[in-house]
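Residue strings, one per chain:
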Amino acid sequence: MRVLVIGSGAREHALLLALRRDPEVEELAVAPGNAGTAIIADQYDVDITSGEAVTGLAQKIGADVVVIGPEVPLVLGVADMVRAAGIACFGPTKDAARIEGSKSFAKDVMTAAGVLTATSEIVDNPAHLDAALDRFGPSVDDPAWVVKDDGLAAGKGVVVTADRDAARAHAASLLDAGHPVLLESFLDGPEVSLFCIVDGETVVPLLPAQDFKRVGDGDTGPNTGGMGAYAPLRWLPEEVVSQIVDDVVKPVAAEMVRRGSSFSGLLYAGLAITSRGPSVVEFNCRFGDPETQSVLALLDTPLGQLLRAAATGQLAEAPPLRWRDGDAVTVVLAAENYPGRPRVGDAIVGAEADGVLHAGTARRDDGAIVSSGGRVLSVVGTGQDLAAARDAAYTLIKSIRLPGSHFRADIGLAAAEGKISL
Ligand code: GLY
């Protein structure tokens, strides 16, 4: 099987490494990739937001399956064009990708499917903003305003704050830019990312994971694309995972089929485990980053065969998933000033070690690997338990040198210390 992976982050590096372990995968290609993926796959520089460009590349290299990593090409309909050319594609149609591309669409689907989620209101007229803010925000049940961009924002469109002025300023800046705003009630409780391979009404859950979105230790500072993750979640009873599959993901998948927007690809449920049960924070239409780096490090089932089964309507016949024993921890190394405008162009020492996945990296003419983005590397450690996996990840990340870079020191710490309870 020849597989073409679309994207350039550490998530795509993790996908390529897991695909390479599949004995049926003979050739790997990636577009546009990064300095790390170039070592394990043929790399092509095409515009991944163009359906014509991606389909043309898939035809040129004779790809059997195209795997689309990021949300932007999916929301733009790149998977539709690949499929229309008769090539199997792992990733939803433009229509189904609205589950991530439009938060109001996702809320509508959840309401119709009877799925527990935060109460919300869309504001698209600045004249209605103050009254809407008055209906949300700090109260006995709700410690903060949750203000979201209704569309795609690379994880950075969300502000959670008890400061009304800050909530208002974020909402007003989104409205000024012409983006509708979603106000939501705050969901309290530990967060879970559950990735499910979905094809129509067939749902196959992967191991649950938890990610860390704020830039600083102790969940401080602004939101980022994700600073680290671990899997599995030993504090989450298996029956809660089954409850999420049965009461959240399957009803949403069935509702999408009912609407004629059948989902095929990776449906990512982000939830808070509240006192009322698992409640949806968001759905995404693709593998999450950085959770994928931890989840795939533990997957024993051949990934290429699994994704091909989903992409060709044969997921229901796929054998049960197999997992490696132990735990995995991913820690993101970010460039100076990230999530603001990152410092780039610095040489990185130690980026070629095993367990180091690349995101914002490029190869300079002199052969050096240099930083080229905000999230530069993901370091993955595995071990017999979470503490051992943390040790492995932190030993590795401390061996890397990149001027001004930073990482969180507390990825998976609360869970390793037994401090997460339901
Ligand atoms: N882990 C957050 C995301 O992928 O959106």
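Note: the structure precedes this text.
In this text the structure is predicted, and so the values were computed from the model without any measurement. Within each chain, residues carry numbers counting from 1 in the order of the written sequence. Owing to the predicted nature of the model, reporting of local features is limited to residues with pLDDT of at least 70; listing and counting of side-chain atom pairs is limited to 80 or more, with chain, interface and lining totals taken over all residues. Only hydrogens and water are set aside when side-chain values are computed; all heavy atoms of the structure are taken into account.

Caption draft 1: Representation of the sheet that holds strand E9 (residues 181-184) within the structure. In this description, strands pair whenever DSSP reports at least two bridges between them. Comment: elements are numbered from the N terminus, with helices defined as DSSP H or I runs of at least four residues and strands as E runs of at least two. Ordered by their spatial adjacency, four strands build an open sheet running E6-E9-E7-E8, and the pairing between neighbours is antiparallel. With partners counted over all chains shown, the strands left at the sheet margins are strand E6 (120-123) and strand E8 (158-161), one partner each. Strand-to-strand twist across the sheet, computed as the mean angle between neighbouring axes with direction ignored, equals 20°. Strand direction decides the pairing type here: strand E7 (residues 145-149) and E9, joined by four bridges, are antiparallel. Pairing of Val146 across the sheet is with Glu184, part of E9. Orientation is described by lines fitted to C-alpha atoms, with helices fitted over the stretch in contact, and by angles between N-to-C directions that extend from 0 to 180 degrees.

Caption draft 2: Spotlight on the nonpolar core. Remark: nonpolar core denotes a set of buried residues (Ala, Val, Leu, Ile, Met, Phe, Trp, Tyr, Cys) joined through side-chain atoms within 4.5 Å. A 1.4 Å probe rolled over the protein chains alone gives each residue an accessible area, and that area as a share of the maximum for its type sets the label: buried under 20%, exposed over 50%, partly exposed in between. With 77 residues, the main nonpolar core has Leu4, Val66, Ile99, Tyr230, Val249, Val252 and Phe283 as its most contacted residues. Ranked by the residues each element gives to this core, the list is headed by helix H9 (residues 238-258), at nine residues. Those residues within four positions of Leu4 in sequence are excluded, and the remaining contacts are Ala29, Val30, Ala31, Val54, Leu57, Ala58, Ile61, Ala63, Val65, Val66 and Val67. Within the second largest apolar cluster, 44 residues are counted, among which are Leu16, Ala209, Leu299 and Ala311. Contacts were defined at the residue level, with two residues in contact if any of their heavy atoms lie within 4.5 Å.

Caption draft 3: Main features of the pairing of strand E14 (residues 220-223). Where strand E13 (residues 214-216) lies against E14, two bridges are found, and the strand directions are antiparallel. Looking at E14, one finds that Gly216 is bridged to Thr220. Hairpin connection, E13 to E14: the antiparallel pair is bridged by three residues, and Gly218 has positive phi, about 70°.

Caption draft 4: Region of interest: the environment of Glu184. By the element assignment, Glu184 lies in strand E9. The buried category is assigned to Glu184, whose relative accessible area is 3%. It is 22 Å that separates the C-alpha atoms of Glu184 and Gly288, two residues lying 104 residues apart in sequence. Definition of a polar contact: a pair of N or O atoms within 3.5 Å, with one able to donate and the other able to accept a hydrogen when the atoms are protein atoms, and with sequence-neighbouring residues admitted only if both atoms are side-chain atoms. Reaching out from Glu184, the side chain makes a polar contact with the side chain of Lys107 at a distance of 2.9 Å. A polar contact of 3.1 Å, which involves the side chain of Glu184, links it to the side chain of Lys148.

Caption draft 5: Here's a closer look at the site of the ligand. The immediate surroundings of the ligand are formed by Asp211, Tyr268, Asn284, Arg286, Gly288, Asp289 and Glu291. Within the side chain of Asp211, an N or O atom sits 2.6 Å from a nitrogen atom of the ligand. Residue Asp289 places a main-chain N or O atom 2.9 Å away from an oxygen atom belonging to the ligand. Computed by Shrake-Rupley with a 1.4 Å probe, the accessible areas treat only the displayed protein chains as cover when residues are assessed. Protein burial of the ligand: of its 200 Å² of free accessible surface, 89% is covered by the chains. In terms of residue class, the shell around the ligand is made up of one nonpolar, two polar and four charged. Only heavy atoms are used to decide nearness, and a residue is near a molecule or strand if one of them lies within 4 Å of it. When residue character is reported, Ala, Val, Leu, Ile, Met, Phe, Trp, Tyr, Cys and Pro are called nonpolar, Asp, Glu, Lys and Arg charged, and the others, Gly included, polar.

Caption draft 6: Structural view of the sheet that holds strand E22 (residues 375-383). Reading across the sheet, the five strands line up as E12-E15-E18-E22-E19 and stay open at both edges, with antiparallel pairing between neighbours. If you trace the sheet from one side to the other, it starts and ends with strand E12 (210-211) and strand E19 (356-358), each paired once. Set on the sheet, helix H1 (residues 10-20) makes contact with E19 and E22; between it and E19 the angle comes to about 120°.

Caption draft 7: Layout of the environment of Pro237. Mapped onto the elements, Pro237 comes out in the loop between strand E15 (228-231) and H9. The class of Pro237 is partly exposed, set by a relative accessible area of 29%. Taking the C-alpha atoms as reference, Pro237 lies 9.5 Å from Leu422; in sequence the two are 185 residues apart.

Caption draft 8: Structural context of the state of the cysteines. Disulfides are defined as cysteine sulfur pairs within 2.5 Å. Scanning the model with the defined rule gives zero disulfides in all. No disulfide involves Cys89; its nearest neighbouring cysteine sulfur is the one of Cys285, lying 11 Å away. A relative accessible area of 2% places Cys285 in the buried class.

Caption draft 9: View of the pattern of salt bridges. Salt bridge, as used here, is a side-chain nitrogen of Lys or Arg placed within 4 Å of a carboxyl oxygen of Asp or Glu. A complete count under the given rule lists 29 salt bridges for this structure. In this structure, Asp346 and Arg343 form a salt bridge, with 2.7 Å as the shortest nitrogen-oxygen distance. Of the residues examined, Asp346 reaches a relative accessible area of 16% and is grouped as buried. When its relative accessible area of 34% is taken as the criterion, Arg343 is described as partly exposed. Salt-bridge contacts for Arg363 lead to Glu352; the nearest nitrogen and oxygen are separated by 3.6 Å. Placement of the pair is Arg363 in strand E20 (residues 361-363) and Glu352 in the loop between strand E18 (327-334) and E19, with a sequence separation of eleven residues. Exposure remark for Glu352: the relative accessible area of 56% places this residue in the exposed category. A network of salt bridges, in which partner residues are shared, links Asp108, Glu255, Arg258 and Arg259.

Caption draft 10: Molecular detail of the packing of aromatic side chains. Between 30 and 60 degrees the pair is tilted, below 30 it is stacked and above 60 it is edge-to-face, where a pair is any two Phe, Tyr or Trp rings, Trp via its six-membered ring, whose centres lie within 6.5 Å. Counted according to the given criterion, the structure contains five aromatic pairs. Aromatic side chains Phe195 and Tyr268 sit 4.8 Å apart centroid to centroid with 40° between the ring planes, which places their arrangement in the tilted category. One end of the pair, Phe195, is in strand E10 (residues 191-199); the other, Tyr268, is in strand E16 (residues 264-274), and 73 residues separate them in sequence. The pair formed by Phe195 and Tyr268 is uniform in burial state, with each residue classed as buried. With a centroid separation of 6.1 Å and an interplanar angle of 45°, the aromatic rings of Phe212 and Tyr230 are classed as tilted. Here Phe212 is found in the loop between E12 and E13, whereas its partner Tyr230 is found in strand E15, with 18 residues between them in sequence. On the basis of relative accessible area, Tyr230 is assigned to the buried category, the value being 1%. Through a chain of ring-to-ring contacts, the aromatic side chains of Phe90, Phe195, Tyr268 and Phe287 assemble into a single cluster.

Caption draft 11: Local environment of the packing of helix H6 (residues 103-113) against H9. Their axes nearest at 9 Å, the elements H6 and H9 cross at an angle of 105°. The pairing of H6 with H9 is recorded here as roughly perpendicular in orientation. Between H6 and H9, the contacting residues are Phe105, Val109, Met110, Ala112 and Ala113 on the first element and Pro251, Val252, Glu255 and Met256 on the second. For the contact of H6 with H9, a count of residues per class yields eight nonpolar, no polar and one charged. Orientation labels follow simple angle bins: below 35 degrees gives roughly parallel, above 145 gives roughly antiparallel, 65 to 115 gives roughly perpendicular, and whatever is left gives oblique.

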